Structure formats: structure tokens, C-alpha cells
Amino acid sequence: RSVNIVAFGNERDGFSEDNQQPSLIWCYLGRSALISQIDSSLSASHVGNPVFTEYQACVFGNVRLVVYDCPVWDIFDSDWYTSCRLIGGADIIVIKYSVNDKTSFQELKDSYVPMVKKALNHCSVPVIISAIGARKNGVPCTCPLCTSDRRSCVTTSEGVQLAKELGATYLELHTLNDFYIQKYFGGVLEYFMIQSLNQKSSEKMKKRKKTQKCHRVQAPQLEQPEKMPILKGEASHYNADLNKLLYCCQCADVSFCPEDLSTAVEAHKIILCSVSQLFMLLFGVKSPSDTHDASLVQLARSLFVVEEGDLFPSSPCAVPPCVPPVRVVVKDSVFCSCLPDILRFIYSGAFQWERLEEDIKKKLKDPEKTEHVLEKVKCILKTPGKLTTVKDCRSHQIKRLYNTSLRLFFNTPVLADVIFKIQGATVPAHRAVLVARCEVMAAMFNGNYLEANSILVPVHGVSKDTFLSFLEYLYTDSCCPASILQAMSLLICAEMYQVMRLQHICELYIITQLQSMPSRELASMSLSIVSLLKKAKFHNSDCLSTWLLHFIATNYLIFSQKPEFQELSVEERNFVEIHRWPSNLYLKQLADYRNYIHSQKCHCTVM
């Protein structure tokens with residue numbers, strides 16, 4: 001440990017005859033009881049006319065004291081670098097002047113104090129200003145050649161003002177005796193020495209702690225768990241399925257013919273009735289008394305004639321699949337010629353009105369006939385009592401009029417031509433919808449199977465509620481499972497009938513529900529994730545089974561404590577152990593870190 005002191009200025013009176021007066025620094029070093037082993041030397045580069053004297057000694061027993069005593073201020077003019085180096089390395093700065101040398105004080109104040117400020121550069125180095133000597137109150141010189149009063153004294157207020165400018169401590173030493181040197185000047189200087197040593201010790205301790213912190217055992221970094229496989233949803237093909245039904249003509253139960261019966265266009269009552277009140281009237285789903293718009297009844301009678309049975313049969317009962325389609329004669333020949341385009345427009349589900357306009361214009365090539373046919377279509381599709389004008393009708397307007405859908409016919413006997421028997425209950429349905437939306441049922445109702453010619457079809461291996469949810473999806477293209485277990489049951493049913501999009505919807509539902517569960521709920525829930533995993537694998541739900549394995553591995557600390565964890569196969573257990581989070585390596589590093597923290601008897605900043 002060491003303390004560096006730099007002293008500037010001359011404490012002797014320049015006009016005094018006593019030039020052998022010892023310096024302030026030398027007096028202090030020689031008289032202080034705390035100083036020992038004093039050694040002095042002149043600056044090597046200025047031996048002839050030394051700029052400063054270097055003293056080395058011991059203070060407080062074992063602290064090295066280095067003092068640079070610069071009696072002349074010329075060092076700032078002749079060697080700015082050395083002066084800056086001395087100030088930069090100083091722990092304490094002492095500025096001395098004689099109270100009887102006003103000229104030197106004024107030069108110090110005007111020229112060198114600004115240089116000292118610049119060299120300090122806002123450093124917090126304590127500065128002691130020592131005003132030395134007893135003031136001589138002689139008569140000032142009256143010689144006219146004198147430009148200044150060299151014998152005038154530096155007042156106390158001037159010294160204090162100088163100390164304020166430098167933020168220094170001001171001392172007046174009337175004589176260099178034991179009292180002023182040891183107790184007055186020495187007491188202040190030794191106070192600043194102790195302050196400097198304490199500051200250095202504090203900085204050294206901070207540096208040591210910082211070094212120890214850099215070299216201490218670092219807390220292990222917990223990496224993020226592996227990203228789980230992303231399950232992408234499948235786009236809806238609801239409209240395409242219904243449109244495909246028109247072209248394949250499976251399960252057609254109505255045939256439109258011109259009056260000469262030369263051609264026939266087949267369609268499906270359930271599809272037509274889902275989009276038009278007029279077709280509900282035509283096929284007996286509604287009676288004329290149920291309709292508040294007489295124009296629809298009039299349009300139905302003027303445009304169509306049902307050959308078999310009454311125009312409005314009393315009850316729409318289910319018919320066996322062997323019954324031929326109902327023949328409907330279209331009285332309007334122009335409308336009948338455009339019927340394939342109109343049916344394609346209805347079956348598309350998108351209601352692309354502009355495309356229908358273009359198709360009919362190309363076919364008829366007559367504006368009046370085109371307008372006539374489009375007017376009929378608009379009247380067929382309109383909602384009774386809501387549309388009084390059909391001028392400038394566009395696709396988005398037609399969509400707003402389409403307030404009925406296949407949902408109206410879900411789980412109702414109206415127009416039903418098949419009945420499922422499940423768990424002692426019956427569920428009515430429509431072959432056209434089932435065939436369009438499910439390839440397995442399309443094969444079942446159109447192949448050499450018993451169901452193809454039966455109205456009553458038994459269903460096994462599925463609960464009634466699950467099967468109803470399955471049928472609801474076929475009719476509406478949407479499903480809302482109430483729980484994870486219900487979603488898994490619906491997924492199994494979707495896999496059994498090979499409806500892949502519904503299977504993906506159920507997978508996404510299960511994944512979303514599990515991901516949203518907090519750890520506490522996962523730990524306490526009775527639902528077995530391993531059981532879900534086995535069901536997903538058994539029913540070929542590869543995406544879900546892979547995701548569930550990653551989910552178990554990511555929440556290893558939770559699921560490894562459950563009894564069901566032992567039900568994992570060897571292959572599954574190996575996968576979970578490899579991808580577990582947190583990993584075995586991290587837990588080992590964490591245990592080592594804890595042991596280190598306890599061995600160091602310090603507080604852990606991580607745990």
C-alpha cells in the first residue's frame with residue numbers, strides 16, 4: 001500500500017533574507033512521529049536546477065509514502081506532461097505560498113490554478129492550500145517606479161476564496177514549529193492519507209470480488225425445451241364435396257325434365273331444400289299454409305309440376321333406397337335449358353352470382369331471356385317477406401338471403417332416407433349428405449353391402465353422443481367437443497369412417513387444451529396422458545401420438561411421478577428419456593452448483 005503526495009509552490013518569501021528556511025514538506029517529514037525511513041532525491045532530469053524533490057518514507061508503520069515537492073511553478077510551462085503525470089498519480093495535492101509574497105500569489109491565482117484545474121479534470125483528489133508565514137504590516141513602498149506593492153500581504157479572505165475555487169482545505173501556518181507542523185498541518189494531511197488508504201482498500205476489495213465472481217462456478221443455464229411438432233390444420237372441402245355430389249349423382253332422389261321428357265337432370269331434395277323455401281314447398285317439407293309469401297306458392301306451381309303423388313304431399317316420410325327419383329317437370333323451357341348451370345350454382349355453396357350470369361348469357365345469347373331466367377333464380381332463392389326487389393343482386397347479397405342450411409335437417413326425420421340404430425336409439429340421416437361428405441359411407445351405400453338396400457343401419461363401437469357429433473360435422477363442417485375425452489372419442493369415430501379433416505380438428509383441440517393447462521393442473525388431473533397416447537397410436541393418429549410423447553418429455557418431472565408413466569413401452573421410455581426437460585445433464589450441473597454454494601457458505605443468486 002502507498003500514498004502519493006504532490007506539493008506545489010514556494011513557502012519562502014522571495015524578498016526575505018532567510019533563504020535557508022526549511023520547506024514545509026521537509027519539516028513535516030522530519031518532525032512527524034508517524035514518519036520513518038526518510039529518503040530524498042532530486043529529479044534525475046533536473047539535477048542542476050531541480051524541478052522537484054522526491055521524498056520516500058514509511059507512514060503508519062508499513063505504508064509507503066512518496067512525496068514530490070515542486071517549489072517552482074515553472075514545471076507547468078516547461079514540462080506540461082510531467083506536471084500532468086504528477087497530478088494524475090497524486091492521492092493528495094498540497095499548494096503552498098507565502099502570505100508576504102502577493103506577486104507570487106497573484107501569479108499562482110491567475111496562471112497556475114487554471115492549469116491545476118485542467119490537470120485534475122474533475123478528479124476527486126483532496127487539495128490542501130497552505131498559507132505560510134506571519135504577515136509583516138510594514139509601510140508600503142511609495143516609489144513611483146514600483147508597479148505593484150511587493151511588500152503587501154495576502155489576506156485570509158483571498159486565501160479562502162482561492163480554496164473555494166479549487167474545492168480545497170485552507171490552512172494558515174504562521175510558523176513551521178511543532179504545533180503547526182505536527183498537529184495542524186500534519187493532522188489534516190494524515191486524515192486525507194487515511195481516507196485515501198480506505199478508498200484504495202475499498203476499490204481493491206471490489207475488484208477482488210469481481211474477479212472472484214468471474215472465476216466462481218457459474219449457475220447452470222436451463223435451456224428451452226425442444227420445440228414440439230407443429231400440427232397444421234386441413235382446409236375445408238365442404239363446398240367441393242357437395243359440388244362433387246351433383247356430378248356423380250349418387251343417391252339422387254329428384255329428376256328435372258322438360259315437358260317433352262327428352263332429357264333429365266338429377267339432383268337431391270336435401271340440398272335444394274337447404275337453400276330455398278320454394279323447394280321446401282315443392283317437396284312437401286313445408287305446406288302453403290306455413291309460407292307467408294304467396295308469390296312463392298304461385299311461382300312453384302307455375303314453374304314446376306311433380307308427376308308422382310300430389311304437388312304438396314301430406315307427410316314427408318322416408319322412402320327406401322330402391323324407390324326411383326321423383327320426376328319434376330319444368331314448365332318453362334328456357335329455364336329448363338339453364339337448369340344444369342343453376343344447379344351447379346346452388347351446389348357450389350359459394351353462390352357465385354356473377355359467374356352464373358356469364359354462363360347463362362353465353363348459353364342464351366338473348367338479354368331478355370337471360371334477365372327472365374335470372375329473375376326466376378332470384379325469386380327461388382329469396383327469403384319470403386324480405387326481398388321485394390331483385391334489381392342489381394350480387395353474390396354477397398345472395399349470401400345474405402341464404403338463411404337456411406343443412407343444419408336444419410340434422411337429426412330430423414324430414415326427407416331422411418336412412419336411420420342409424422345405436423345404443424337402442426335411432427338417429428335419422430340423409431344418404432346424399434353422408435355420401436358426399438364421407439367416402440366410407442359412399443362405398444357402404446353404393447356398393448354390394450347390406451346397408452345399400454336397407455333403411456335401418458346398425459352402428460357399433462361408438463356411443464350415441466359421439467356419433468351425433470360426427471354427423472353434425474358432416475352436415476355443418478364444424479364440431480365443438482366438450483372435453484378432451486369427447487374429442488378423443490370423436491377422433492376414433494373419424495378414423496373409423498376415414499374423415500381425415502375431422503380427425504385433425506380433434507387432434508388440434510386436444511393439443512390446444514393440454515397446452516393451455518398450467519403445471520399444477522397437469523399434476524392433479526385424473527386424465528391419463530399415456531392412455532391418450534396409446535389410443536392415438538392404435539387409431540393411426542401419428543401427429544397426435546408424436547406430440548403427446550414430446551409433451552410427456554417436456555413435462556418429465558410431472559409425468560414421471562404418475563403411476564401411468566410405467567405403462568410406457570421401452571421404445572417410448574427411451575424417447576422420453578432422450579428428450580426429457582430438464583435434462584439429466586442440467587440436473588447434475590444444478591446439484592454440483594448447489595453443493596458449491598453450500599461449501600462456499602454464501603447466498604445463491606439463482607435458487
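From a predicted model like this one, the values you see are computed outputs, not experimental measurements.

Calculation criteria
Residues numbered from 1 in each chain as written. Predicted model: local features only at pLDDT ≥ 70, side-chain atom pairs only at ≥ 80, totals over all residues. Heavy atoms only, no water. Pairing = 2+ DSSP bridges. Helix = DSSP H or I, 4+ residues; strand = E, 2+ residues; numbered from the N terminus. Axes fitted to C-alpha atoms, helices over the stretch in contact; angles between N-to-C directions. Buried < 20%, exposed > 50% of the residue type's maximum accessible area, 1.4 Å probe, protein only. Arc of directions from axis to C-beta. Contact = heavy atoms within 4.5 Å. Phe/Tyr/Trp six-rings, centres within 6.5 Å; stacked < 30°, edge-to-face > 60°. Salt bridge = Lys/Arg side-chain N within 4 Å of Asp/Glu carboxyl O.

A. Summary view of the sheet that holds strand E8 (residues 254-257). Read from one edge of the open sheet, 4 strands run E9-E8-E11-E10, paired in mixed fashion. Whereas interior strands pair on both sides, the edge strands pair on one side only; in this sheet they are strand E9 (265-267) and strand E10 (304-306). Taken over all neighbouring pairs, the strand axes of this sheet differ in orientation by 25° on average, direction set aside. Sheet topology note: the E10/strand E11 (residues 326-330) ladder contains 3 bridges and is antiparallel. Bridged to Val306 within E11 is Val328.

B. Structural detail: the sheet that holds strand E13 (residues 425-429). Strand order across the open sheet formed by 3 strands is E13-E12-E14, with mixed pairing between neighbours. Strands at the two margins of the open sheet, each flanked by one partner only, are E13 and strand E14 (456-458). Looking at each pair of strands side by side, their axes are set apart by 30° on average, direction ignored. Relative to E14, strand E12 (residues 418-422) runs parallel, the two being bridged by 3 bridges. Counted as the bridge partner of Ile419 is Leu456 from E14.

C. Geometry of helix H7 (residues 238-248). Those residues of H7 that fall on the buried side of the exposure criterion are Tyr238, Asp241, Leu242, Leu245 and Leu246. Down the axis, H7 shows its buried residues gathered within 145° of arc, on one side only. Summarising the contacts, the buried residues of H7 are in contact with E9, helix H8 (269-275), helix H12 (339-348), helix H16 (431-437) and helix H18 (464-476). Positive phi appears at Cys249, one or two residues downstream of H7, with a value of about 60°.

D. Broad picture of the packing of aromatic side chains. In this structure the tally under the stated criterion is 21 aromatic pairs. Aromatic pair Trp73 and Tyr112: ring centres 5.4 Å apart, planes at 15°, arrangement stacked. Separated by 39 residues along the polypeptide, Trp73 in the loop between strand E4 (63-70) and helix H2 (75-78) and Tyr112 in helix H4 (residues 102-120) bring together distant segments of the chain. The buried category is assigned to Tyr112, whose relative accessible area is 5%. Where Tyr97 meets Phe105, the ring centres are 4.8 Å apart and the plane angle is 50°; that geometry is what we call tilted. Pairwise contacts between aromatic rings join Phe256, Phe279, Phe283, Phe304 and Phe335 into one cluster.

E. Local environment of the pattern of salt bridges. Scanning all chains against the criterion turns up 16 salt bridges. Glu307 is paired through a salt bridge with Arg327; the nearest N and O atoms lie 3.3 Å apart. Residue Glu307 is located in the loop between E10 and E11, and its partner Arg327 is located in strand E11; the two are separated by 20 residues in the primary sequence. On the basis of relative accessibility, which here comes to 41%, the residue Glu307 falls in the partly exposed class. Looking at Arg327, the relative accessible area reads 34%, which means it is partly exposed. Through salt bridges with shared partners, one network takes in Asp241, Arg437, Asp477 and Arg501.

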